[in-house]
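# Residue-level structure breakdown
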Amino acid sequence: MGKIHELSAVLADQIAAGEVIENPAAVVKELVENSLDAGSHRIDIILEESGLATIQVIDDGSGIAVDDLALAFKRHATSKITGKKDLFRVQTLGFRGEALPSIASVADVIVESKTTAASAGAMIHLRGGEILVQEAAASRQGTQITVRDLFFNTPVRLKYLKSPNTELANITDIVNRLALGHPEVAFSLTHNGRSLLQTVGNGKLQQVLSAIYGVTTARQMIPVGRQDQDFQISGFVSLPKLTRASRNYISLLINGRYVKSHTLLRAVAAGYGSKLMVGRYPLAVLNIELDFQLVDVNVHPTKQEVRISKEEQLAQLIKAAIQASLASENLIPKALDNL
Ligand code: ADP
Ligand code: MG
């Protein structure tokens, strides 16, 4: 008799959860990305105890059909890609079909959802990957997901979480960045009944900047815009006098996806040249649009690392865009001096 056997689906999901669902912020990221993929105009995120007690995400998106509800929790089940050709031109934030099964394998999850076409909605309740209840529900249009008792069955994961304040800061950070990437969506983030963020969803990036950083800071940021045959950059960057001690206030979004890239972060700093003191960094949000075929998002399970063809060309374009904006800003005080 051989010794090899296939792992159970629940165990396989828990292993995947180890990669995709590292902390409460990762749950929030995956759920909000699903809401964005569903074309939501409004996304409300409600947390209790830094997300460890409850993470609830409510959207007004397309909803999940009754027949799809249980399937959404199966590994590698997705509505977003079908064939191999789709993998190399992914237009949605999700596509791996891993988030919901991973989350459900390490938490208590209730989903209520209704599509526009359906007259009634449905709900499903899972705990530790097992379906407990599935029934009809009087839901409103969209999806409401409630995640409780995160990591209740993976005590080691729980033990290695950071302090509640740090976990909450990580959630705020990712929600801020997703809101910056989607000014057309109204976001709200609430923690223990206190509002932490509220954007109006009017499509104006400056509104999101002032919701996150305050009006005074937002006023010290100037627009950036530039394009070449492959890339289109738009966003805001801070004037050189407005800096921070870390790079965390620079958000780069590629086709609406928040990504981490050392090369591109360096390009932002390069745009400022000697205007920045050593160890100081600007605030910036750059939304970069490019052909979906120029970016490979299937590099890492969390998809925050991506591979961009022509990355060096993009870095040069970012640098030039920022240089141009800062240079035009310099003209204004000079013009006033001449008055
Ligand atoms: P992926 O996003 O990679 O497809 P997920 O596990 O995150 O995988 O979600 C599985 C499927 O469940 C999605 O493909 C989508 O069809 C559906 N889904 C999840 N969340 C939502 C939502 N908020 N609104 C509509 N559909 C959703
Ligand atoms: Mg997803």
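Since the model is a prediction, treat every value here as computed from it, not as a measurement.

### Some thoughts on helix H6 (residues 164-181)
- Here H6 spans 26 Å end to end across 18 residues, near enough to the 26 Å set by a 1.5 Å rise per residue.
- For H6, the full list of buried residues reads Glu167, Leu168, Asn170, Ile171, Val175, Asn176, Arg177, Leu178, Ala179, Leu180 and Gly181.

### What to know about unusual backbone geometry
- Non-glycine residue Asp149 carries a positive phi angle of around 55°.
- Within the fold, Asp149 resides in the loop between strand S6 (142-148) and helix H5 (155-159).
- You will see that Asn255, though not glycine, has its phi angle at about 50°, which is positive.
- Within the secondary structure, Asn255 is located in the loop between strand S12 (250-254) and strand S13 (257-259).

### Some thoughts on the sheet that holds strand S8 (residues 194-198)
- Spatially, the eight strands line up as an open sheet ordered S5-S4-S3-S6-S2-S1-S7-S8, and their pairing is mixed. Because the sheet does not close on itself, it has two edges, and the strands there are strand S5 (130-137) and S8. Here the strands of the sheet are splayed against their neighbours by 10° on average, with no regard to which way each runs.
- Both strand S4 (residues 121-127) and S5 contribute to a ladder of seven bridges, which runs antiparallel. Bridge pairing links Gly121 to Ala137 in S5.
- Running over the sheet, H6 touches strand S1 (42-48), strand S7 (186-191) and S8 and is turned about 170° from S7.

### Thoughts on the site of ligand 1
- Surveying the vicinity of ligand 1 reveals 21 residues, the closest of which are Asn34, Ala38, Thr78, Gly94 and Ala99.
- Elements with a contribution of two residues or more to the shell around ligand 1: helix H2 (24-37) and helix H4 (99-105).

Calculation notes
Residues numbered from 1 in each chain as written. Chains lettered and ligands numbered in written order. Predicted model: local features only at pLDDT ≥ 70, side-chain atom pairs only at ≥ 80, totals over all residues. Helix = DSSP H or I, 4+ residues; strand = E, 2+ residues; numbered from the N terminus. Expected span 1.5 Å × (residues − 1). Buried ≥ 20, exposed ≤ 12 C-beta atoms within 10 Å, placed from the backbone. Pairing = 2+ DSSP bridges. Axes fitted to C-alpha atoms, helices over the stretch in contact; angles between N-to-C directions. Contact = placed C-beta atoms within 7 Å. Near = placed C-beta within 6 Å.

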